[in-house]
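What follows is each chain in one-letter form.
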Amino acid sequence: MRASLFLGCTVPVRNLNYEVSARKVAAALGLELVDNPEYGCCGYPLKAVDQETALAVAARALAQAGRSGLPLVALCSACAGTLMEAAHVLEHDPERLAQVQERLAPLGLAYRPGVKVRHFARFLLEEVGIERIREKVVRPLTEFTFAPHYGCHFLKPGQLSRGFDDPENPTSLARLIEASGARSLDYHALKDCCGGGVLGADEDLAGRLAGGKLIELTRAGVTAMVVICPFCNVMFEGQQKAVAKKLEADIKVPVVYLTQVLGLAMGMSPDELGFKMNRVKAKELLAAFK
Amino acid sequence: MRLNDCDPEFKHEIAATPGGAGIKACFACAGCSARCPVGGQRPDYDPRRIIRLALMGAREQVLASPLIWLCSSCYTCQEVCPQGVNFTEVLTAIKNLAAKAGQAPPSSKVIARQLAAHGRLLEVGEFENEKRAELGLPPVGECPGDYQAILGRSDAGEGEAA
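To keep things clear, this report deals only with the structure shown in the data block.

Reading guide: rules and limits
- Residues numbered from 1 in each chain as written.
- Chains lettered and ligands numbered in written order.
- Predicted model: local features only at pLDDT ≥ 70, side-chain atom pairs only at ≥ 80, totals over all residues.
- Heavy atoms only, no water.
- Contact = heavy atoms within 4.5 Å.
- Buried area = accessible area lost by both parts, 1.4 Å probe.
- Salt bridge = Lys/Arg side-chain N within 4 Å of Asp/Glu carboxyl O.
- Polar contact = N/O pair within 3.5 Å; in protein donor to acceptor, adjacent residues only side chain to side chain.
- Helix = DSSP H or I, 4+ residues; strand = E, 2+ residues; numbered from the N terminus.
- Buried < 20%, exposed > 50% of the residue type's maximum accessible area, 1.4 Å probe, protein only.
- Pairing = 2+ DSSP bridges.

## Overview of the interface of chain A and chain B
Part 1 of the argument: Taken residue by residue, the interface counts 54 residues in chain A and 53 residues in chain B.
Part 2 of the argument: Summing both sides of the interface, chain A and chain B together bury roughly 4400 Å²; the carbon and sulfur share of this comes to 63%.
Part 3 of the argument: Area buried by chain A at its contact with chain B is led by Val49(A), Gln51(A) and Arg103(A), which between them contribute 13% of it.
Part 4 of the argument: At the surface where chain A touches chain B, the tally comes to five salt bridges.
Part 5 of the argument: Counting the contacts that link chain A with chain B gives 21 residue pairs in polar contact (both at pLDDT 80 or more).
Part 6 of the argument: Of all the secondary-structure elements, those providing two or more residues to the side of chain A that touches chain B are helix H1 (11–14), helix H2 (16–28), helix H3 (51–68), helix H5 (94–104) and helix H9 (203–220) of chain A.
Part 7 of the argument: A total of seven residues in the side of chain A that touches chain B trace back to one element, the largest contributor, which is H3(A).

Here is the structure:
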């Protein structure tokens, strides 16, 4: 099985632990991730001010993926959401499609319908399958409890995740966590937004949005929170100390990527999975792998 | 607010912008406001209020409001709306109109400039690729030319991008 890997802006520069672990897990599952060094930004950061330009930028990536004939797989939820939505718009709105084609033509590119876009986690569930993941587990993580953080763009707008998962009652990440043998926590703030979307506009607000979940999970005492998006990671791990200070709250929640959890269960070492780059150390978890 | 100052065309303009079509279906139930996580922290941010102001035609008040840039685009409002208003997308339409009217926040120009210079939000130079190589990761490239061509006529950078 092969897929074209879309890295986006943040993962290949700031979240190398996510990228390294995703590549290792993919290889172990027999999924070949094909690189394209020409991929750049997905267009999401432009959407608020100019959605037509954002759409053209997204279409550039879709046109490049189309050339490869492979499904496009993204590690970032904002990239996956933006590119899925763009494919949806371009397949249903001939007028906007025509405008986009005009803007791609000078680049020698054209959008052709039929490019399948998936977030890596969704691709694992839908294409690789939970059974295959379970078969590869050699070190079940039975003694650990993880709190899934779905984030917003993984499942919403719901129109794009219909038939896969329900944004109001999500289970997909829990199923992936449980495939590792670990327990997945159902908790009050499960569906809360990380706040990353407003970090640039209002840092105080962003921190408050992240804080509720961090406070609840500190009290719950989970092994770690499991994320699948670099922006969620910025809020929950990168901003964790600042949020604790701002809210004058006792906060300590290790944050790991889903692919790091799956990798451990598949017998890979914490070093191979980039755990050294995690800033809030999952001490309880790492102690078991010394 | 004086009714005479209102622009009855405003709602049609929003509805004609991609994503904005749902605004006229709002029957003001406030489901969006009840579930909005931003509103939970900042009561002055109220999706229903933004919709009502837009429907009444308070063009200036809406487009110049710093509040429209506080949406975290979590889509919660969109999922709970019984009328299919799709407020997250409606607000994107409103923000696009605000940007066209010269009201985009300064950060949007920084973003456009960065994309025009690197094709990415974060620069990838030798240092980044060396760090990647140490971890056995393949190099990533930059294609700023493609982005300059696409951004050339964008409202995001007002020409500065190219």
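From this point, things continue past the structure.
## Structural notes on the pairing of strand S7 (residues 224–227) of chain A
All names here are of chain A.
Part 1 of the argument: Here S7 shows no split at all, with Ala224 and Val226 on one side and Met225 and Val227 on the other all buried.
Part 2 of the argument: Note: strand S5 (residues 145–148) against S7, three bridges, orientation parallel. If you follow Phe146 over to S7, its bridge partner there is Ala224.
Part 3 of the argument: Bridging between S7 and strand S8 (residues 255–257) involves three bridges; their strand directions are parallel. When the sheet's bridge partners are listed, Val227 is paired in S8 with Tyr257.

Functional significance is not addressed by these values, which are geometric in nature.
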